[in-house]
Protein chains: 4
Amino acid sequence: MSSNSFGQLFTVTTFGESHGPAIGCVIDGCPPGLPIAVEEFRADLDRRATGKSRHTSQRREADEIEILSGVYEGKTTGTPIALLIRNTDQRSKDYGDIAQSFRPGHADYTYWQKYGIRDPRGGGRSSARETTMRVAAGVIAKKWLAERHGVRVRGYLSQIGEITPGSFDWAAVEQNPFFWPDAHDVPTLESYMDALRKSGDSVGARVNVVADGVPPGWGEPIYGKLDGDLAAALMSINAVKGVEIGDGFEVVAQHGSQHRDEITMDGFASNHAGGILGGISTGQAVVASMALKPTSSILIPGRSVNLAGEPVDVVTKGRHDPCVGIRATPIAEAMMALVLMDHALRHRAQCGDVGEMSPRIP
Amino acid sequence: MSSNSFGQLFTVTTFGESHGPAIGCVIDGCPPGLPIAVEEFRADLDRRATGKSRHTSQRREADEIEILSGVYEGKTTGTPIALLIRNTDQRSKDYGDIAQSFRPGHADYTYWQKYGIRDPRGGGRSSARETTMRVAAGVIAKKWLAERHGVRVRGYLSQIGEITPGSFDWAAVEQNPFFWPDAHDVPTLESYMDALRKSGDSVGARVNVVADGVPPGWGEPIYGKLDGDLAAALMSINAVKGVEIGDGFEVVAQHGSQHRDEITMDGFASNHAGGILGGISTGQAVVASMALKPTSSILIPGRSVNLAGEPVDVVTKGRHDPCVGIRATPIAEAMMALVLMDHALRHRAQCGDVGEMSPRIP
Amino acid sequence: MSSNSFGQLFTVTTFGESHGPAIGCVIDGCPPGLPIAVEEFRADLDRRATGKSRHTSQRREADEIEILSGVYEGKTTGTPIALLIRNTDQRSKDYGDIAQSFRPGHADYTYWQKYGIRDPRGGGRSSARETTMRVAAGVIAKKWLAERHGVRVRGYLSQIGEITPGSFDWAAVEQNPFFWPDAHDVPTLESYMDALRKSGDSVGARVNVVADGVPPGWGEPIYGKLDGDLAAALMSINAVKGVEIGDGFEVVAQHGSQHRDEITMDGFASNHAGGILGGISTGQAVVASMALKPTSSILIPGRSVNLAGEPVDVVTKGRHDPCVGIRATPIAEAMMALVLMDHALRHRAQCGDVGEMSPRIP
Amino acid sequence: MSSNSFGQLFTVTTFGESHGPAIGCVIDGCPPGLPIAVEEFRADLDRRATGKSRHTSQRREADEIEILSGVYEGKTTGTPIALLIRNTDQRSKDYGDIAQSFRPGHADYTYWQKYGIRDPRGGGRSSARETTMRVAAGVIAKKWLAERHGVRVRGYLSQIGEITPGSFDWAAVEQNPFFWPDAHDVPTLESYMDALRKSGDSVGARVNVVADGVPPGWGEPIYGKLDGDLAAALMSINAVKGVEIGDGFEVVAQHGSQHRDEITMDGFASNHAGGILGGISTGQAVVASMALKPTSSILIPGRSVNLAGEPVDVVTKGRHDPCVGIRATPIAEAMMALVLMDHALRHRAQCGDVGEMSPRIP
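What counts and what doesn't
- Residues numbered from 1 in each chain as written.
- Chains lettered and ligands numbered in written order.
- Predicted model: local features only at pLDDT ≥ 70, side-chain atom pairs only at ≥ 80, totals over all residues.
- Heavy atoms only, no water.
- UniProt positions renumbered as here; feature names shortened; annotations may be inferred.
- Buried < 20%, exposed > 50% of the residue type's maximum accessible area, 1.4 Å probe, protein only.
- Contact = heavy atoms within 4.5 Å.
- Helix = DSSP H or I, 4+ residues; strand = E, 2+ residues; numbered from the N terminus.
- Buried area = accessible area lost by both parts, 1.4 Å probe.
- Polar contact = N/O pair within 3.5 Å; in protein donor to acceptor, adjacent residues only side chain to side chain.
- Pairing = 2+ DSSP bridges.
- Axes fitted to C-alpha atoms, helices over the stretch in contact; angles between N-to-C directions.
- Left-handed = near helix turned anticlockwise from the far one by under 90°.
- Nonpolar A, V, L, I, M, F, W, Y, C, P; charged D, E, K, R; others polar.

### Side note on the UniProt feature "binding site: NADP(+)" (unreviewed entry) in chain A
All names here are of chain A. The residues that UniProt annotates with the feature "binding site: NADP(+)" (unreviewed entry) are R48 and R54. Residue classification places R48 among the buried residues on the basis of a relative accessible area of 4%. Those residues in contact with R48 that sit more than four places away from it in its chain are A128, R129, T131, T132, V135, R327, P330 and I331. Inspection of the secondary structure puts R54 in the loop between α1 (42-48) and β4 (65-67). Ignoring anything within four residues of it in the chain, the contact list for R54 reads E190, D194 and R197.

Quick look at the structure:
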């Protein structure tokens, strides 16, 4: 299968480089009859967009999306949906000298080693600009999941550097530029980010993403487990170095009597498992978390080599995020939505809409 | 693609239930001409086997492997290699009452919700017995990687409960039943495990796995990234709840100036990235880590419900591992080997054995 | 995807060589709850088996099938179903000198060119013995199609050499060793085959296969068309050199006014299309046909070369079918059943059991 | 895998409707470093284009192709290549009443049955306009095959209605609007087509396609056979109802002594097999043929029903090909090129550029 495609039955193929003419995607396998309009992409694209606050990259892309196919009279037809966004704010001059050397911590070196050729403008294909199309595809998946199954997928930033939220409130998350669940922390974060930006450095972050309303039974043993696919989905996001389901790495120090989620007549008594057992959803909230490294595009010089094999100091000018984790929240939501929708379709393929048999929950 | 298959070009399909007649696998895509004999599976199967020390499950399986196809006069032929192991130590009686209720923390509930039917004997398909075949397939991958590319894949246990190694020595790892890298800690671990077993409880663990000798250029952007595929591979192992590449979740608190691996004339100055940038190998060691939950099969009663919808207390008798993480080390190695071999083949498909072009390392 | 696997959602992976220890398959994606017993494979395996009349190869295989996994208390569980048949009638001595030369018209030469190694015993992996497992998997597909959708898949021989049936009667097909639809022709066929066998030569054949009861809507544009997948399925059968859907090559000389199937208030007025338009089933019978070449394993010497690069004359002794097309009938049925079941599952994945929307037939 | 994608390692995903805003494709897996320019698509797009002679549809599309990604400084980079063509000559008014009824012989009915919704403008997704992108992708495959392996893929029309060529000359094929290999027949064909067009009817055709220079060893047993994939590729082309490899259906009446291609010290003595044995290329020319039905879009009224369930007479006005087979020649070439390139990459994945071992041809 194409390495630029994601999903087996709800398949998203993306294309495009950071500073090429356009980025886009082809979504195959969407059920017919789903109403979808260009305006519906706006909200999530804006949440992911650069240039919305001083805490993210100042590249300003219009991100005007065009639906090229697969929608007729406002509804999906079952044929592939192609989406296109023209790149408008390309400053190729910013990237001139990068073509000759390898920025430490970037994919410059590995793309060149793999392919013997690379598009150095803005990181080319390795740029997080590609995630714009994930968010766009995620809009469709989120809508279908919500309308058909009542599933809601939401994310938030749960850590920047050493800072963690003092409290948790979903309502706060969309009220600040950090997707932060505690409004009281926002001034602290702003000072922190301002100081960081001034220092020319960057910092890592953690993003949590939660899906409510997922019915039991989604996910396929053994190599198509819901958590296995989520791990692949989140790890495929730029800068991600770790993925957790439910309690994640905390389970290492837990005892079985503490970890296992007991079942009562009112349902599960806890959710250490993050809503997945044996790779299949339990009916509880599906909970995942991911760690994003600090961007390597910083103003502090770093040692590297150039194409001539000489040592050089690299300073990444241009417009970069001091904390790439911030804008990763809608991307994580999109990836979880893509995984869930794919598994919803896979489940009904094998087990039917109402199951081949119909015994269900105690 | 089949959910019981792993890998795109080196494809392993497993089958079998814990207490069915047999488990097995079909390995498709192995290059021709690789010498392979039945005896070569023994070492890794023994490392993964139950009943080897008092710290693992006392189920004793002979694990006699049979090569059914794909090998002629001691060499692979390029056709599918089928491997078969008969289950011999099946005590179905141990699992009689489990059929009527859902063990908390197990896949009993989710399989039943998904399929409306389940094989309750030993967890059926959801049992870690399936991983025997991963280890078997991994033997072939490890051998090919070693012979063809000089790659070596090794794992060790890096944490049990709160205990971490006092020091690190690869030579120690295979000298104790815990795959533990510090020989001095072994008596402590034995006491810890004995006490745990006596208490009827279980504990989590962390396993690290490292591949040396991986050349730069393996891995496929965007959704076939080497780290994305490793995350899926490791998360698909029973009981795994978290996966890290390189520094993993530590990156959340790191600064860019600290994290990015600088490049010098002698190569990379550090390996925070775990040998992968932009989803493609850098030529450094590929480093991953995973968290395993404490097994839910414990002697301490847990609340659950039965098929009649009544509350029950479940005690899991039978023969279980108090720390499933211990035996997971060879499984993690196998999964990393499967991923690397698959990507080695994918790389030469697109870029050729010697590259379509031949510029290389500074 | 594995090249030894067939189908996207109902995936059959086969393994095994003609004279290796065993042949087998793994069937993944079968819906749960389907009753299946070992005895149910007998009828179709017998229809395909050698040694049943003097007109087919005299190799006598017991073809005792064993279900290794995926069935619990007589019903499928949704996990992979592994089937195994031990090879019993292996006469490796028959194939001794074949190892040194390439039989004209066989895969000996191409396997050796591709892999640099081949299992010469009975053609190894290229032998039609592999089709035994297709027939076995087809038994499950046929049963599910019949029980769930009322679909019936049947085949017959429609030509041997220059001989075509004088009339057509489904009832006759299973009453003679040729799967021939006209009982009156049987004595003629027997004389023809006896003379052919005596001459040491072989002859080609044509097999037709028809599925009744297929609902409209199965098949996926553009590259997953029902007819595209049928073409691949039938062409993958040993010795097949041509595939037709509906009127097939007769359409070349037809006019549009003659070919197009008009629609009346009583349904379609004809079925030139073979039940498929735009790659999707119309609700009419799905009709396909395939051409099988005469086997190249004949007693008449043929020119070839040997591994030493010298010219040799090859005579294929051993036990071979003078007309491989005869036993191909159940194989063609099986392949059509596999395609239809796969598409049934794919259809309900995207469109739901009852469709995302429910407008239907006029 | 996406049903709008073709190929495993050289994967082409197409999108777009006949009268939507645009059609396009994403090509994934192309090796890096291949020079490719917009102008190189022109020749084959023109060969396929409508409106080039009075014998094809008069729809006039500019077919200006845009490369959106995957090419940097004139060379492929190994990342996905997206190609886009805007639809310019859309006359939606032509298709107004078609929306209410089902044209006999078209996919109108089956799309509506499958999806419950369809884009009726010009047949929407089921239109042969989609094949424009196959031809575009084929340009890249043809170029790579030629440069890297010296493979040349060429097609011609071998029959229209009852008319077959009087002689054969490759040089003639590109000198007339029919891709006809005998220049002397052209006036006859022109009269035939003029009369046909006047009658308002249409006719079928046969197209042959041949690849020279294919090395031995391409193709994967069992379900990834070169001929199996060719069959799927050609059958996926609009209007195709039959596919043959080598002698095709003529093998039914052949004897083994006649069919099998003997091997001499100068190579194969004949090519009845069409260059493929056991699903793997022999090193001879790969030869395939396909039958195209007469288009159902004719001026002669045909019986059908409408959405209200009433009987109607349908006349397909608009601009249609009286013989769709004519323009199918470059499409068939493209599909064969896609299959060959995919298998070239698959072969070197498993067996290496120089083979894992190196014994070769006698």
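After that view of the structure, there is still more to cover.
### Details of the interface of chain C and chain A
In this complex, chain C contributes 18 residues to the contact, which on the side of chain A involves 19 residues. Note on chain C versus chain A: buried area summed over both sides is about 1600 Å², and carbon and sulfur give 50% of it. Across the chain C-chain A interface, the total number found is nine residue pairs in polar contact (both at pLDDT 80 or more). Secondary-structure elements contributing two or more residues to the side of chain C that touches chain A are α3 (131-149) and α8 (328-351) of chain C.

### Topic: the sheet that holds strand β1 (residues 5-6) of chain C
All names here are of chain C. Reading across the sheet, the five strands line up as β1-β2-β3-β7-β4 and stay open at both edges, with antiparallel pairing between neighbours. Looking at which strands have only one partner, the edges of the open sheet turn out to be β1 and β4 (65-67). Where β1 lies against strand β2 (residues 11-16), two bridges are found, and the strand directions are antiparallel. Bridging from a neighbouring strand, F6 pairs with V12 of β2.

### A few points about the packing of helix α6 (residues 226-235) of chain B against helix α8 (residues 328-351) of chain B
Helix packing for two helices is described by the angle between their axes and how far apart those axes are. Residues and elements named next belong to chain B. Here α6 crosses α8 at 145 degrees, and the two axes come no closer than 9 Å. Seen along the crossing, α6 lies across α8 with a hand that is right-handed. Side by side, α6 and α8 meet where L226, D229, L230, A233 and L234 of the first sit next to A332, M335, M336, V339, L340, H343 and R346 of the second. For the contact of α6 with α8, the class distribution of residues is nine nonpolar, one polar and two charged.

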